[in-house]
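Here is what each chain is made of, one letter per residue.
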Amino acid sequence: MTGGDSAVQNDKPNSPTLIQEEVGDVGGTQKVTKLASSVETAGADSQQPAPDPPSAPLIPESQQNGHVNNHHHQNGKEAARAAEDGLAVEEVGKGSPEGTKADKDDQEVIVIQDMGFNIKVVAPGIEPFELQVSSQEMVQEIHQVLMDREDTCHRTCFSLQFEGNVLDNFAELKNIEGLQEGSVLKVVEEPYTVRESRIHMRHVRDLLKSLDPADAYNGMDCSSLSFLNVITEGDIEMKKRKRNDSDSVDCTPPDYVMPGAKDRPILPLQPISKDLKTPQCLKVLTASGWNPPPGNRKMHGDLMYLSVVTAEDKHFHFTASTRGFFVNQSTQEIFNPKPASPKCWAHSLIELLNQISPIFKRNFATLQKRRVNRHPFERIATPFQVYCWTAPQMDHTIDSVRAEDAYTSRLGYEEHIPGQTRDWNEELQTTRELSRKNLPERLLRERAIFKVHSDFVAAATRGAMAVIDGNVMAINPGEEAKMQMFIWNNIFFSLGFDVKDHYKEYGGDYAAYIAPCNDLKGVRAYNGVDIEGLYTLGTVVIDYRGYRVTAQSIIPGILEREQEQSVVYGSIDFGKSVVTNDKYLELLEKTSKPLKILPHKVINDQNEEVQIISSVECKGIVGNDGRYYVLDLLRTFPPDVNFLPMEGEELSEECKVLGFPRKHKHRLACLRQELVDAFAENRYLLFMRHAALQLMSIRQKKATTVEEEQKISKRLVAAAQGLRSPDLPPKEVNDEEENSQTKEEDPTNQSPPTTQPEGEQPSSESKAIETKESRESDGKDAANSEHPKIGGCPRGQGDSSKDPVDAEAQALVESLAEQDSGSLDAASREVINTACRAIGSLSDSEFDVRFNPDVFSPGVTHPNPQGDQFRKQKQLVKDAAAFLVSHQIAGFVKDCIEHSITAIDGQSLCEALHDRGINMRYVGKVADLLSQHKLLEHIHRIAVSEMICRAAKHQFKTYMQGVEMLCLSAAVSHFLNCLLSTFSNPHPQLPEDFGLNMNKKKKNKKRSRHYPIANHVDREWASLSPQDMWSNIKTEVKEYFDFSLTCDSCDSAVETYGLQKTSLLREICIKCGVQVLLREYTFDSKHRATFTEEDIINIFPIVKHVNPKATDAYHFFQSGQVKIQQGFLKEGFELINEALNLFNNVYGAMHPEIAACLRTLARLNYILGDPVEALNNQQKAVLMSERVLGIDHPNTITEYVHLALYCFANQQVSAALRLMYRARYLALVVFGEDHPEMALYDSNIGLILHGVGEIDLSLRFLENALELNKKYHGQRSLKVALNHHLLARAFSCKGDFRAALMHERETYTIYKSQLGEQHEKTKDSSECLKHLTQQAVVLQRTMNEIYKSGSQATIPPLQISPPSASSVLELINIINGIVFLPLSQKDLDRLQQRQQVLGNLAEKQAKDMPAIKEAGDQESSAPKVPEEDDAKATTADVADADDGAAR
């Protein structure tokens, strides 16, 4: 729905009017069930009706009974808005869990009629206004719009009436009899209750604080920072409306952005906005000390009393009564609740304050205008909290609502929910039990899961901080501090210490510290499989102040029983006593194939064989609610034998060469799920090759002619080498990463059918827009499927270019699934058996690569440890570890050399390694390999920096555990001084009575039985020196990563490895949760320490959790990427748009995956010739990336570069330059200047400056880009050739033809040697050389004439025309990897019309949610849609692809 003003819908858990709908509390189950049962018709609604859609929305027959009432207000909008505004949601029957293949071929479609119409709203005190609504919306949504409109936002306690009848908040408009176009809804003020008056007070506070960035800096209420509009000074929004750029362009970059600048200032990271200062409306608004009203006043309708100090410094006392608010006669000393004279009364606080304070009236009106003018994406709360590592010194103001929140256990308005506190376990499990038979039901389910999960993460984070700060009483206060456990807000908290020597054999406290993260990975894996009837606990791992806290939902009844009585499956003592359960075996059997866990038997302490389908540590507990829970999933995946030395076990030669096995700090090292999946896929590929090899051998024996025998023999040799036969069509095979050409045919993929019209094939110009998403998603989908893909095809799918023998081999394998192996002929069976033996399959009759996670567990007894089957199981685990070393790490380095990986900080390096299944403990080995390649110096530098920061983080953990609250800021500043400062002898700033506290150590130890964490005192931290710090770091890096640091101080590390201290400060702050003051730090002073106590602003928690996934939207997105790769841009565009719609349904308006969708759409808009829409989408992507990832996140930097390109294409040169300067500045802070990415940024900046005639400035950036490309791509790279050409253009515009000729000759030489004389680029360069030579000759003749004729001659002006904007834009497109595709105007019109009809649901949903913050938290490892590798070119030939590649 849209109103005249921005219609913003509430998206907050603490929204006052959404309390009844929260999927929480005791009644949560019934509410969810009620919502789930409100399924009526196919599809789902949206907010804005389509203006004459080009085609009716289509829904397959399978969804005719699947429409969800779009009003499960979990995050502002209903979870099931799937098809409206012309959106066709086509669900593939085979893709859904319950679908059938038969459904997909001949599905009937029905048309959803969603009527949009206008209604008139009449509210007291203002003119009636019109509101556009949809027939499928609820009355509740009109409430939310009115609470955010500028002229009605002050109301919270009202009802909507139609023809004298009060409308039910949860009624759909289409079900209201008589409601139609032009109907009048009346806003009627309702009586207050205590609850409503408190909600109203909070709403007023939120309105007054809506422009205040304090919550974003403090990491509260899911607020976060965005500086895009500060950077562009509003240019983008303004120029959208005013399409001219006649203003003078300010091109001068700040000094710190110029190439070669040594300073890395921190202050520009968070620039100050001109209108940052929020107009002060009030001084104080707080609950009065006269509360609560005495009994006699309650009977007069008094609900509560408020104390107000206006901006004029006048003091008032208000009474909140059932009829509204009025000024009473009380003072601070005298209680007189009678109304003041003259009487001041109003139904809302805002109206009352307007009456008594002129300053309030004026300033609140100003604030309102600024609030509604902000972009919706700047106002909405993020789903999880984002913290920033720097913050300015903020003024601390009086805020009674904030104070109340801080000292109550209220989270998301629990006090307004029946039962007072939320039953998190019931909510989490109930949402998972929701139906998922069709798309709308799955959307509803995923929306509910995501919402409850984000609330749980927020509650768990707040609880963990309270536990560590000593504000929660232990449930076992008599125990030692490390053994204490806590319950707060129905969440169970435990500390990461080895309780009762539970992990003694696995590494003690270190193993106990690692176990929660391994457990979280197991929870993620089982949640991903999502087996009906099998439940996991809500789990969040929080690192705060050096402690690791595990927060879990509580299994009903678990606290009433001993653990031994509760566990019906698994072991509580690492394998000594093991029990099993038939129901658990039945449920876990379903997880066996997707998680590749082998069902196996172990012997328990009674010498009985027990069947289990997990590691022995995995426990099964049946709760009092009858649900089957699995927990302690820390060894879900097989052990990493490279870090598990065992007697009598030999590793492969490639592992031994690298020094494996190595002793690790703990024995819980496991392989990652990505590695397990990649290994299984690789083995299946080898299996197919062996089968093909055997079949060809059989054919050779049956060959009837010599020619046929020779041909088969030739292909036999090729197959033996794992290659394609040269006389067959080429087929790329790269073991692990097969680029799927038939991805949309994957039976496990739920993406919609996108059939290509007959005769329509992608043109040669429509080459693939190659992206990281599509490249990597293939491997991931194959991994997540029970059917690995081979050669880019899923098992069972054909490929037109497949070798007939390969096809026969695959058909043979598939026949195993359809018939008993006994029915196969002997030759076929032998083919399969031989292939199985060759690849180490656990079965001789079929491909079976699954792992026994207990195969090397020390406390587990196996039935036949000497048997052949057990030997195979052990060998498979060893092979997987060898595969990681020999294949994955080598592949990672190869990808780095080819620039298909671009790590720019520790986080992006970590993600790139994890995507390939490489654990971070291998980063030392990776760094050793990187050091052998000069071209990979930048990634080696990041790897070394990451090891130093991780080693420092390990030290920070133990360091902080000995620090009491009194000394926290002093301790953190001392730690940073020892780590980063040049000053050799820093001393901590200790409190004056610090020595006194030390003398009371014994007394404190005694008290620590009750408050163990908060009062544990240790003086060791104060004696830390830089020498000790760096000695410990060197030792830790060697022990943990097996890498030898050749530095003994921060200065020597900077010099040896080319690091920069600002980047190190950023990394360590992010990893340890430290927030420092936003100021310039002098790291190199030898006379004083860098950091003081006042520089430490805050300590934040580092939160790890499992991000629920929008599976259908994700498949739409992946399918769209594949279509784009194949050149079918129209289908790809529509799929991405639909993915955006579905993501919005599940996640709300803000999420990293939505940002990825917007970026892809913007790129497509631009390629298809619509730069205005590209700018619109990319602006949203930048805002969202800043908000949900961070203002200096690597993705945010990339988004800025793209936005700059689209701004330039829209003639917004000034904004484009400011955005590029911002991107370059962020890059300098994050990774410095010596990085190949910087060449791209500098080429962009140089070209834009060239386009506006700033040649000298342009040359500085272009020359720097040339040097970087030479260093990282080689002297003869096509990138270098293009750089030379850009410089030749710039020098020729300056009139320096000699320099221009020199550079153009270099271009010509490279093109000639790389592409040949006949290539188009070589010919173009040759023409350019001729032109420059002619210009140089003309200039030289003129100069000679001047010399001959003496001083009287004058030099005629050079006829040098500046480059046109179009030619500059063309070159910018090339260096950013974009080439325009020739499409007909009809196609373009259709695409533009399609996008207009769909609207932008992200922004619309944003506008439908007011900016009342939602509690939550986020950590960096959140799952995401794979990021687009925008480096890849979309060019029509190889040359374009090379010099056009952005990376």
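Residues numbered from 1 in each chain as written. Predicted model: local features only at pLDDT ≥ 70, side-chain atom pairs only at ≥ 80, totals over all residues. Heavy atoms only, no water.

**Looking at the pairing of strand β16 (residues 491-495)**
Where burial is concerned, most of β16 is hidden: five out of the five residues are buried. Neither face of β16 is open: one carries Ile491, Phe493 and Leu495, the other Phe492 and Ser494, and all of them are buried. Relative to β16, strand β15 (residues 485-488) runs antiparallel, the two sharing four bridges. Considered in β16, the bridge of Ile487 is made with Phe492. A loop of two residues connects β15 with β16, the two strands running antiparallel in sequence, and Asn489 in this loop sits at a positive phi of about 55 degrees. With five bridges joining them, β16 and strand β19 (residues 547-553) adopt antiparallel strand pairing. Looking at β19, one finds that Leu495 is bridged to Val549. (Buried < 20%, exposed > 50% of the residue type's maximum accessible area, 1.4 Å probe, protein only. Helix = DSSP H or I, 4+ residues; strand = E, 2+ residues; numbered from the N terminus. Pairing = 2+ DSSP bridges.)

**A short note on the confidence of the model for the chain**
Per-residue confidence for the chain gives a mean pLDDT of 78, with 73% of residues at or over 70. When the criterion is pLDDT under 50, residues 409-419 qualifies, and its contacts beyond four places in sequence or with other chains add up to 35 contacts. Residue range residues 1405-1447 is modelled with pLDDT below 50. Its contacts to residues more than four positions away, or to other chains, number 203 contacts. (pLDDT = per-residue confidence, 0-100. Contact = heavy atoms within 4.5 Å.)

**Focus on the packing of helix α25 (residues 923-930) against helix α26 (residues 937-961)**
It is the contact of α25 with α26, at a shortest axis distance of 9 Å, that shows an interaxial angle of 155 degrees. When the axis of α25 is compared with that of α26, the two are roughly antiparallel. Judged by the sense of rotation from one axis to the other, the crossing of α25 with α26 is left-handed. Note on element contacts: α26 touches α25 through Ile939, His940, Ala943 and Met947, opposite Val923, Gly924, Ala927 and Leu930. Across the contact of α25 with α26, the residue classes break down as six nonpolar, two polar and no charged. (Axes fitted to C-alpha atoms, helices over the stretch in contact; angles between N-to-C directions. Parallel < 35°, antiparallel > 145°, perpendicular 65-115°, else oblique. Left-handed = near helix turned anticlockwise from the far one by under 90°. Nonpolar A, V, L, I, M, F, W, Y, C, P; charged D, E, K, R; others polar.)

**Quick notes on the sheet that holds β15**
In spatial order, the strands read β15-β16-β19-β18-β30; together these five strands make up an open sheet with antiparallel pairing. Edge positions in the sheet fall to β15 and β30 (1102-1105), since each of these pairs with one other strand and no more. Strand-to-strand twist of the sheet, defined as the mean angle between neighbouring strand axes without regard to direction, takes the value 25 degrees. Sitting on the sheet, helix α14 (residues 509-529) is in contact with β18 (539-544), β19 and β30, with an inclination near 150 degrees to β18.

**Topic: the nonpolar core**
Counting 292 residues, the largest nonpolar core has Phe892, Ile1033 and Leu1065 as its most contacted members. A total of 14 residues in this core trace back to one element, the largest contributor, which is helix α38 (residues 1213-1230). Sequence-distant contacts of Phe892, defined by excluding residues within four places in its chain, comprise Ile901, Leu909, Ala912, Leu913, Arg916, Ile918 and Val926. Residues Leu211, Leu285, Leu303 and Leu306 belong to the second largest nonpolar core, which totals 31 residues. (Core = buried A, V, L, I, M, F, W, Y, C linked by side-chain atoms within 4.5 Å.)

**Some words on the sheet that holds strand β25 (residues 628-631)**
Pairing is mixed across the open sheet formed by five strands, whose spatial order is β17-β25-β24-β20-β21. The open sheet is flanked by β17 (534-536) and β21 (578-579), the only strands paired with a single partner. For β17 and β25, the ladder comprises three bridges, and the chain directions are parallel. By the bridge assignment, Tyr535 is partnered in β25 with Tyr629. The strands that helix α16 (residues 582-595) touches are β17, β20 (567-571), β24 (619-622) and β25; relative to β25, the one it contacts most, it runs at about 60 degrees.

**Things to note about the environment of Ile380**
Along the chain, Ile380 turns up in the loop between α10 (376-379) and β14 (390-391). Ile380 sits 769 residues away from Ala1149 along the chain, and the two C-alpha atoms are 7.8 Å apart.

**Some words on α14**
For α14, built from 21 residues, the straight-helix expectation of 30 Å at 1.5 Å per residue is met to within 8% by its first-to-last C-alpha distance of 31 Å. Of all the bends in α14, the greatest, near 30 degrees, is centred on Ala515, and the proline Pro516 appears no more than four residues after it. Counted residue by residue, α14 has 17 buried out of 21 residues, so it is predominantly covered. One or two steps after α14, the chain reaches Asp530, where phi turns positive at roughly 60 degrees. (Expected span 1.5 Å × (residues − 1). Bend = angle between axes of the 7 residues up to and from the residue.)

**Quick word on the side chain of Ser197**
Within the fold, Ser197 resides in helix α3 (residues 194-208). The exposure class assigned to Ser197 is buried, which follows from its relative accessible area of 1%. Sequence-distant contacts of Ser197, that is, excluding residues within four places in its chain, are made with Tyr192, Leu303, Met304 and Ala320.

**Here's the deal with the pairing of β18**
Regular strands place side chains that alternate from one sheet face to the opposite one. Of all the six residues making up β18, six are buried; the element is thus mostly covered by neighbouring parts of the structure. Sheet topology places β18 next to β19; six bridges connect them, and they run antiparallel. Each bridged residue has a counterpart across the sheet, and for Asp543 the counterpart in β19 is Arg548. Across four bridges, the pairing between β18 and β30 is antiparallel. Bridge pairing links Asp543 to Ile1102 in β30.

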